[in-house]
Amino acid sequence: GVVRMWDLRADRLCREFKGAHVNRSHTIGVAWSCDMRYVAVGSEDGSIIAYEAGSGKSILRISGHRDAVTGLVFDPSRPILCSASLDGTLNTWTV
């Protein structure tokens, strides 16, 4: 799968986050860390991949859901990532 970051004002592709997450048929969750340094991307295999925003390199894989991860959000005050999945669960992760 590929997640693309676009500069809408300039109408140009800025970065691609690809290779580590699976996305074929479901809409997956994507979230930016509050400091804008990291992007978390859900995967259809139930995992979450964290990428460095500047380089696009995958740096962390979190497993724990049994179905596609469709929602993600970073806590603005603590190093916590919350995830929602089609398996019906919500999880929190210390990142």
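Up top is the structure these notes are about.
Just so it is clear, the model here is predicted, and its values are computed rather than measured. Within any chain, residue numbers begin from 1 and follow the written order of that chain's sequence. Totals for whole chains, interfaces and linings use every residue, but because this is a predicted model, local features are given only for residues with pLDDT of at least 70 and side-chain atom pairs only at 80 or more, for both listing and counting. Note: side-chain values were computed over all heavy atoms of the structure, leaving out hydrogens and water.

Colleague: Help me understand the sheet that holds strand β3 (residues 30-32), please; the structure alone is not making it clear to me.
Modeller: Remark on secondary structure: sheet strands pair via backbone hydrogen bonds, oriented parallel or antiparallel. Taken together, the four strands give an open sheet; going across it, the order is β3-β4-β5-β6, and neighbouring strands pair in antiparallel fashion. Each edge of the sheet is formed by a strand with only one pairing partner; in this case those strands are β3 and β6 (58-63). If you compare each strand with its neighbour and ignore which way they point, the axes differ by 20° on average. For two strands to be treated as a pair, DSSP must find no fewer than two bridges joining them. Segments assigned H or I by DSSP are reported as helices when at least four residues long, segments assigned E as strands when at least two residues long, and all are numbered from the N terminus. Bridging between strand β5 (residues 47-52) and β6 involves five bridges; their strand directions are antiparallel. In this analysis, axes come from line fits to C-alpha atoms, helices being fitted only over the stretch in contact, and the angle between any two N-to-C directions falls in the range 0 to 180 degrees.

Colleague: Please explain the pairing of β5 as it appears in this structure.
Modeller: In regular strands, side chains alternate between the two faces of the sheet. When accessible area is computed with a 1.4 Å probe and restricted to protein chains, residues below 20% of their type maximum are described as buried, those above 50% as exposed, and intermediate ones as partly exposed. Where burial is concerned, most of β5 is hidden: five out of the six residues are buried. Note that strand β4 (residues 38-42) and β5 share five bridges and pair antiparallel. Residue pairing for β5: Tyr38 is matched across the bridge by Glu52. What sits between the antiparallel neighbours β4 and β5 is a turn of four residues, in which Gly46 has the positive phi angle 90°. The loop that links β5 with its antiparallel partner β6 comprises five residues; one of these, Gly56, has a positive phi angle of about 80°.

Colleague: Mind showing me how you'd approach the environment of Val39 here?
Modeller: By the element assignment, Val39 lies in strand β4. Two residues form a contact once any of their heavy atoms are found within 4.5 Å. Beyond its immediate chain neighbours, meaning those up to four positions away, Val39 contacts Phe17, Val30, Ala31, Trp32, Ile49, Ala50, Tyr51 and Ala53.

Colleague: Mind showing me how you'd approach the environment of Ala53 here?
Modeller: Relative to the helices and strands, Ala53 resides in the loop between β5 and β6. For the pair Ala53 and Val39, spaced 14 residues apart in the sequence, the C-alpha separation amounts to 5.9 Å. Every residue in contact with Ala53, bar those within four places of it in the chain, is listed here: Arg15, Phe17, Trp32, Met36, Arg37, Tyr38 and Val39.

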